Amino acid sequence: MNSFMIKKLVAKDWYFNRYIMVAYLVGGFVAMAVMFSGGQSMYTVGSILLVTAIISLACHLVMGTVVQERKMQTLPFIMSLPVSVTDYTVAKLVANLSVYLLPWSLLSGFLITIMSSSIIGSGGAVPIFTLMLVWMFITYMIMLAAALISESEGWTVLAMVVCNTAFTFVFMGLNAIEGVGGELINQPDVVWTDAALLVLAGEVLLIAAILGLIFYCQRRKTDFL
Amino acid sequence: MTAAILKGVEKHYPHFSLQGIDMSLPVGEIMGLIGPNGAGKSTTIRILMGLVHQDAGDVRVFGHTMPDEQVKAKTQIGYVSEDMRLYGHASLGWHMGFIASIYPGWDQRYAEELLRRFDLKSEQKIKGMSHGQRVKASLLLVLARAPRLLILDEPTTGLDPVARQEVLAALMDALRDEERTILFSSHNTQDVEQLSDSITFIDRGQVIASRDKESFLDSWRRIRLEVPDGIKLPVVAGVETVRASGHISVVTTSNYSDDNAKAYEAGGARVTAVEHMTLEEIFLSNVSASRGRELQ
């Protein structure tokens, strides 16, 4: 792999997406401020705003860095540089994951820390919130994989629709699992049960599988423009 | 020494195939690749760039096997294509800095000279540029890094006459470096005729002719004949097409010598004119002969 060019391409995507990243990060913190400003309704409104901010960041990045690059025909410019398809794929993954994971980690970390604190006393919801935050990262990976592998705006939008529709069902599914949701959510302390850890492990495996699928499909491509 | 070579290259799509492409591009040569839309020019160039993998055949650029060694090969290639765009929200200056940080051979003084010549402003964003300015900006970015091989896929398509002339003049300048090799694809034969040393015609996925430009222009002729009733034209070597209307026949030949005209005279026809052909006419005759029918 050509690490010199990968760094250049990653720096390029960071440069083009720096304002987007900051905007969504600020949006996420505003949502959290609403969440913890007092009252159940504000908590719900803030949660919805936070989820919206994280999902919108994912959609924005995938469309902006992968789909638009092909649609706006800037891909031939990049591929005329000394890079291979693997270099391009690695650069896209590193750039996307870092631009996404920085605000995601800050927002997730801040949210989990606040929820875990004795002042708020909603530690019981930490596992399911964590699993949902990781699920949002998975949906981002699915959308990114759809964009990179299919090179199609249509398939990418379909992946977005499916992932975003699935969000509620995944939450309902997790909430129905004993040891993840249900009465556990109302407990003041953080309790990581075996069931919650098993789901988390499954999510991590799914992320690894999506990454593997991206590289497998990209390596098999014979036409890249 | 050869800059690029393609041997027996094939690429098959459901509705189009490149078949048995053989091309050799010696160092310092300017080759024009001419073909109608959909002939396979861009596919051939993308295979040469390693962006499309050939199904069969061997492709080498400066000795590097393509597509496996495309990274090494592309350090020495400057590529501009008609469907290539720069980042609209970034300025030309940002692009210049980006390219300069990648290619150690970037010549800032030459880049600034090209800025002036092309009447471009480095602080201008690409999205605010006209098509002609965008093409010139792309060309600036490749010329200022002094690549050993310049691959231009229809760069003059859609340009107004002034921008086209500016682009061609800059390319002529770039050709002063005798070590620089250029592959220039176009369906505009005038541009190719102006620049090229050698010409390759491609049609329906096949190379139908490939020779040096002067040889093409010297050997092709259009012979106008008056053919009296009852006289049948003799078979003459090199004849590509024959069109007859009443007593008038027009013969195109790819291997003209004075003997051709003498053979027709000896056969009873009267030669009324022997005309040189333009590259476009030669191209059309080649395509016509290749397809086995007359293009009107």
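Going by the structure above, here's the rest.
The rules behind these values
Residues numbered from 1 in each chain as written. Chains lettered and ligands numbered in written order. Predicted model: local features only at pLDDT ≥ 70, side-chain atom pairs only at ≥ 80, totals over all residues. Heavy atoms only, no water. Helix = DSSP H or I, 4+ residues; strand = E, 2+ residues; numbered from the N terminus. Buried < 20%, exposed > 50% of the residue type's maximum accessible area, 1.4 Å probe, protein only. Contact = heavy atoms within 4.5 Å. Lys, Arg positive; Asp, Glu negative; His and termini not counted. Charge placed at Lys NZ, Arg CZ, Asp CG, Glu CD. Rg over C-alpha atoms; globule rule 2.2 N^0.38 Å. Patch = residues over 30% accessible without salt bridge, like charges linked within 9 Å, V, L, I, M, F, W, Y side chains within 5 Å. Areas by Shrake-Rupley, 256 points an atom, 1.4 Å probe, with all protein chains shown as cover. Salt bridge = Lys/Arg side-chain N within 4 Å of Asp/Glu carboxyl O. Disulfide = S-S within 2.5 Å. Buried area = accessible area lost by both parts, 1.4 Å probe. Polar contact = N/O pair within 3.5 Å; in protein donor to acceptor, adjacent residues only side chain to side chain. Nonpolar A, V, L, I, M, F, W, Y, C, P; charged D, E, K, R; others polar. Pairing = 2+ DSSP bridges. Phe/Tyr/Trp six-rings, centres within 6.5 Å; stacked < 30°, edge-to-face > 60°. Lys NZ or Arg CZ within 6 Å of the ring centre and 35° of its normal. Axes fitted to C-alpha atoms, helices over the stretch in contact; angles between N-to-C directions.

S.K.: Let's hear about the overall build of chain B: which residues, and what values?
M.R.: Along the backbone of chain B there are 10 helices and 14 strands. Oriented by its inertia axes, the alpha-carbon framework of chain B measures out at about 75 × 40 × 35 Å. Here chain B holds 296 residues, and 51% of them are scored as buried. In chain B, 68% of the contacts between residues at least 6 apart in sequence involve partners at least 24 apart. Charge-centre separation for chain B: the mean point of 33 positive side chains lies 5 Å from the mean point of 39 negative side chains.

S.K.: Please set out the overall build of chain A residue by residue, giving values where relevant.
M.R.: Helices and strands together make up the secondary structure of chain A, namely 7 helices and 0 strands. Secondary structure elements of chain A occur, N-terminal to C-terminal, as α-α-α-α-α-α-α. Taken over C-alpha atoms, the radius of gyration comes to 19 Å for chain A, in line with the 17 Å a tight globule of 225 residues would show. With the principal axes as the frame, chain A shows a C-alpha extent of 55 × 30 × 30 Å. Out of the 225 residues belonging to chain A, those deemed buried represent 51%.

S.K.: Report on a negative patch on the surface, specifying residues and quantitative values.
M.R.: All names here are of chain B. Together, Asp-197, Asp-212, Glu-214 and Asp-218 make up a region of like negative charge exposed at the surface. With respect to the helices, strands and loops of the structure, Glu-214 is situated in helix H8 (residues 213–219). Classification of Glu-214 by relative accessible area gives partly exposed; the value is 46%.

S.K.: How would you explain the pattern of salt bridges if you had to name every residue and give the values?
M.R.: All names here are of chain A. Enumeration over the complete set of coordinates arrives at 18 salt bridges over all chains. For Glu-69, the salt bridge identified is with Lys-92, shortest N-O distance 3.2 Å. Residue Glu-69 is located in helix H2 (residues 40–71), and its partner Lys-92 is located in helix H4 (residues 85–116); the two are separated by 23 residues in the primary sequence. Close ionic contact of Arg-70 with Glu-151 constitutes a salt bridge, the shortest N to O distance being 3.2 Å. Residue Arg-70 is found in helix H2, and its partner Glu-151 is found in the loop between helix H5 (126–150) and helix H6 (153–176); the two are separated by 81 residues along the sequence. The exposure class of Arg-70 is partly exposed, given its relative accessible area of 25%. For Glu-151, a relative accessible area of 26% corresponds to the partly exposed category. Salt bridges here are not isolated pairs; linked through shared partners, they connect Lys-12, Asp-13, Glu-69 and Lys-92.

S.K.: Now, about the state of the cysteines: what can you tell me, with residues and values included?
M.R.: Residues and elements named next belong to chain A. The tally for this structure, following the rule as stated, stands at 0 disulfides over all chains. This cysteine, Cys-163, is not joined by any disulfide, and Cys-59 carries the nearest cysteine sulfur, 8.6 Å off. Residue classification places Cys-163 among the buried residues on the basis of a relative accessible area of 5%. Not part of a disulfide, Cys-217 finds its nearest cysteine sulfur in Cys-163, a span of 16 Å.

S.K.: Lay out the interface of chain A and chain B with the relevant residues and their values.
M.R.: In this complex, chain A contributes 27 residues to the contact, which on the side of chain B involves 27 residues. Taking both sides of the interface into account, the surface hidden between chain A and chain B amounts to around 2400 Å²; carbon and sulfur atoms contribute 66%. Counting every contact that joins chain A to chain B gives 0 salt bridges. Our count for the contact surface shared by chain A and chain B stands at 9 residue pairs in polar contact (both at pLDDT 80 or more). Of all elements in the fold, only helix H1 (3–35) and helix H3 (75–79) of chain A reach the threshold of two or more residues within the side of chain A that touches chain B. With 7 residues, the single largest contributor to the side of chain A that touches chain B is H1(A). The residue makeup of the side of chain A that touches chain B, split by class, is 15 nonpolar, 6 polar and 6 charged.

S.K.: Outline the pairing of strand E3 (residues 30–34) of chain B, supporting the account with residue identities and numerical values.
M.R.: All names here are of chain B. In terms of residue burial, E3 counts as a mostly covered element, since 5 of its 5 residues are buried. In E3, alternate side chains face the same way, and those of Ile-30, Gly-32 and Ile-34 on one face and Met-31 and Leu-33 on the other are all buried. Bridge count between E3 and strand E8 (residues 181–186): 5 bridges; the pairing is parallel. Considered in E8, the bridge of Ile-30 is made with Ile-182. Pairing between E3 and strand E9 (residues 198–203): 4 bridges, direction parallel. Considered in E9, the bridge of Ile-34 is made with Phe-201.

S.K.: Go over the packing of aromatic side chains, please, and point to the residues and values.
M.R.: Tallying each qualifying case throughout the model produces 15 aromatic pairs over all chains. On the numbers, 6.0 Å between centres and 20° between planes, the contact of A:Tyr100 with A:Phe137 is stacked. Of this pair, A:Tyr100 sits in helix H4 while A:Phe137 sits in helix H5; the two residues are 37 residues apart in sequence, bridging distant segments of the chain. Here A:Tyr100 and A:Phe137 have matching classes, each one buried. On the basis of an interplanar angle of 45° and a centroid distance of 5.3 Å, the ring pair of B:Phe201 and B:Phe283 is categorised as tilted. With B:Phe201 in strand E9 and B:Phe283 in helix H10 (residues 279–291), this pair connects stretches of sequence that are 82 residues apart. For the residue pair B:Phe201 and B:Phe283, the accessibility class agrees, reading buried in each case. Through a chain of ring-to-ring contacts, three or more aromatic side chains come together here, namely A:Tyr15, A:Phe16, A:Phe77, B:Tyr87, B:Trp94 and B:Phe98. Sitting over the face of the ring of A:Tyr15, A:Arg18 holds its NZ or CZ atom 4.1 Å from the ring centroid. Here the guanidinium or amino end of B:Arg211 rests over the ring plane of B:Phe216, the centre of that ring lying 5.4 Å away.

S.K.: I'd like a description of the sheet that holds strand E4 (residues 56–61) of chain B, backed by residues and values.
M.R.: All names here are of chain B. Spatial ordering of the open sheet is given by E2-E1-E4-E5, a layout of 4 strands whose pairing is antiparallel. Across the chains shown, the open sheet's two edge strands, defined by having one partner strand only, are strand E2 (16–26) and strand E5 (64–66). Neighbour-to-neighbour, the strand axes of this sheet turn through a mean angle of 25°, independent of strand direction. In this structure, strand E1 (residues 2–13) lies alongside E4, joined through 5 bridges in antiparallel fashion. Directly across from Lys-7, in E4, lies its bridge partner Asp-58. Seen against the sheet, helix H1 (residues 41–49) touches E1, E2, E4 and E5 and runs at an angle of roughly 120° to E1.

S.K.: For unusual backbone geometry, give the residues involved together with the corresponding values.
M.R.: Residue and element names in this part refer to chain B. Here Met-66 and Pro-67 are connected by a cis peptide whose omega angle stands at 10°. Among the secondary structure elements, Pro-67 is positioned in the loop between E5 and helix H2 (70–74). Even without being glycine, Glu-154 reaches a positive phi, approximately 50°. For Arg-204, which is not a glycine, the phi torsion comes out positive at approximately 50°. Relative to the assigned elements, Arg-204 resides in the loop between E9 and strand E10 (206–212).

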